Amino acid sequence: MQQQPYLDELAQIIATGGADLQSRTLCEVQCLGQRMPIQAVFMGNPDPSLPAVGFFGGFHGLERIGAEVVLAYLRNLTSRLKWDTTLHKQLESVRLVFMPLVNPGGIQLGTRANPNGVDLMRNAPVESLEKVPWLIGGQRHGPQLPWFRGAAGQPMERENQAVSEIFETELLPRRFSLTVDCHSGFGVKDRIWFPYAHTRIPIEHLAEMHALKELLQETLCNYRYIFEPQSRQYLAHGDLWDHLYLSSVAQTDHVFMPMTLEMGSWTWVKKNPRQFFSLLGMFNPLIEHRQQRVLRRHLPLLEFFVRAAISHERWLPHGPERPPHRLQAMAHWYPDQAAGEAL
Ligand SMILES: [Zn+2]
């Protein structure tokens, strides 16, 4: 069987990173009789008193551009390690963690789910108490249908356990951390989603999310990201980021801000209608120059998140700065609930 090119690329990046980059194989998964590693790559200062940023891609095997964006950023940083003093200065004040290929089996098979037929973003132990859309919100009928959550009562799939391990060892212990998980396929616009996916109740750190949204809009003013809670689009059971965020709030007073970048792939389809006939094409730009443009377009965003994490003390609202942010956030994202809260 053909070796997966993305795993080769990751191995190459790790080999060129030298002493400034560490990597670890968290576990292996079986796919078509082949063992595939799930790897994490680390860069920067391991001191737990410093902030951390995690970059994730390839949760959904079909959405290859998500994995490619994370690999492109990792390659960019790795090549700069050789000469860029500014990058080395940056890395003294932050820890960076990368998992570009969370679901290598799904990437190999060209499926959204992992090789067990489980949708990793429906697999966490989080139940929505509100009405979720049929199928897409997660289902327990079986892997023959999409958005399968896995059998009830089973532990999470190995891929999700690997991500949880990174969360617990690298992100949860820090006073400030954020994550960016890269996907594609929802609508025509590029969206940044934050929890919750399982409920329309706002998260604890709504003020912080609002401050980050304002910072992003001011800094990348020529970009058009729609920044919103996922629940504004649809509700789902089993979202892993909801699960990890809830466990961070339950265990610590730390600020953990998980975000999902949903690259709007339907624009690519509009420009090249033949993609309608290709499942991979629905979720990925097929023409090379378009792919290059997508990779280029999102690198400033990933760089922005690293800088925002390093400088979080300068923009994170504290004490009396929080209520105004929360009020604005409620009016902006939760207008139905805002009136009740202001009374
Ligand atoms: Zn996805």
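Residues numbered from 1 in each chain as written. Predicted model: local features only at pLDDT ≥ 70, side-chain atom pairs only at ≥ 80, totals over all residues. Heavy atoms only, no water.

Caption draft 1: Examining the packing of helix H6 (residues 206–219) against helix H10 (residues 288–310) more closely. Following both chains from N to C, one finds H6 and H10 inclined at 125°, their axes separated by 11 Å at the closest point. Judged by the inter-axis angle, H6 sits oblique to H10. Remark: the crossing between H6 and H10 carries right-handed chirality. Contacts between H6 and H10 involve Leu 212, Leu 215, Leu 216 and Thr 219 from the first element and Leu 301, Phe 304, Phe 305 and Ala 308 from the second. In terms of residue class, the contact of H6 with H10 is built from 7 nonpolar, 1 polar and no charged. (Axes fitted to C-alpha atoms, helices over the stretch in contact; angles between N-to-C directions. Helix = DSSP H or I, 4+ residues; strand = E, 2+ residues; numbered from the N terminus. Parallel < 35°, antiparallel > 145°, perpendicular 65-115°, else oblique. Left-handed = near helix turned anticlockwise from the far one by under 90°. Contact = heavy atoms within 4.5 Å. Nonpolar A, V, L, I, M, F, W, Y, C, P; charged D, E, K, R; others polar.)

Caption draft 2: Expanded view of the environment of Leu 7. Mapped onto the secondary structure, Leu 7 falls in helix H1 (residues 5–17). Here the alpha-carbon distance between Leu 7 and Leu 101, two residues 94 residues apart in the chain, equals 7.8 Å. Residues contacting Leu 7, with those up to four places away along its chain left out, are Met 36, Pro 37, Gln 39, Leu 101 and Pro 104.

Caption draft 3: Quick look at the pairing of strand E4 (residues 95–99). Most of E4 sits out of view: 5 of its 5 residues are buried. The side-chain alternation of E4 yields two buried faces, one formed by Arg 95, Val 97 and Met 99 and the other by Leu 96 and Phe 98. Where strand E2 (residues 34–44) and E4 come together, 4 bridges link them in antiparallel fashion. Each residue of the ladder has a partner; that of Val 41, found in E4, is Phe 98. (Buried < 20%, exposed > 50% of the residue type's maximum accessible area, 1.4 Å probe, protein only. Pairing = 2+ DSSP bridges.)

Caption draft 4: How the structure looks around the side chain of His 298. As for its placement among the helices and strands, His 298 is situated in helix H10. Residues within four places of His 298 in sequence aside, it is in contact with Val 69, Asp 190, Tyr 225, Leu 261 and Met 263.

Caption draft 5: Examining the coordination of the zinc ion more closely. Every protein donor of the zinc ion is listed here as His 60 (ND1), Glu 63 (OE), Glu 63 (OE) and His 183 (ND1), and their distances to the metal cover 2.1 to 2.5 Å. Each of the 4 donor atoms bound to the zinc ion contributes to angles spanning 55 to 151°, and the resulting shape is irregular. Sequence spacing among the residues donating to the zinc ion works out to H-x2-E-x119-H. With relative accessibility at 5%, the residue Glu 63 sits in the buried group. (Donors = N, O, S within 2.8 Å, 3.2 Å for Na, K, Ca; no water. Tetrahedral: all angles 85-135°; square planar, octahedral: opposite > 155°, others 65-115°.)

Caption draft 6: The arrangement of the packing of aromatic side chains in detail. Scanning all chains against the criterion turns up 14 aromatic pairs. Note on Tyr 223 and Tyr 225: the rings are 6.1 Å apart at their centroids and 5° apart in plane angle, and the pair reads as stacked. Judged by relative accessible area, which is 28%, Tyr 223 ranks as partly exposed. Residue classification places Tyr 225 among the buried positions, given a relative accessible area of 10%. Members of the aromatic cluster, joined through ring pairs, are Phe 55, Tyr 73 and Phe 98. (Phe/Tyr/Trp six-rings, centres within 6.5 Å; stacked < 30°, edge-to-face > 60°.)

Caption draft 7: Region of interest: the pattern of salt bridges. Across all of its chains, the model carries 17 salt bridges by this definition. A salt bridge links Arg 75 to Glu 9; its shortest N-O distance comes to 1.8 Å. Note that Arg 75 is positioned in helix H2 (residues 64–80) and Glu 9 in helix H1, a separation of 66 residues in sequence. With relative accessibility at 38%, the residue Arg 75 sits in the partly exposed group. (Salt bridge = Lys/Arg side-chain N within 4 Å of Asp/Glu carboxyl O.)

Caption draft 8: Structural detail: the sheet that holds strand E1 (residues 21–31). Pairing in this open sheet of 8 strands is mixed, and the strands run E1-E2-E4-E3-E5-E8-E6-E7 from one edge to the other. A single partner strand is all that each edge strand has here, and the edge strands are E1 and strand E7 (225–229). For this sheet, the mean angle separating the axes of adjacent strands, direction not counted, is 20°. In this structure, E1 lies alongside E2, joined through 10 bridges in antiparallel fashion. From the neighbouring strand, Gln 30 faces E2, where its bridge partner is Arg 35. The sheet contacts of helix H5 (residues 158–171) involve E1, E2, strand E3 (52–57), E4, strand E5 (176–184) and strand E8 (255–263), and relative to E1 the element is tilted by about 160°. This element, H6, spans strand E6 (190–194), E7 and E8 of the sheet and lies at about 50° to E8.

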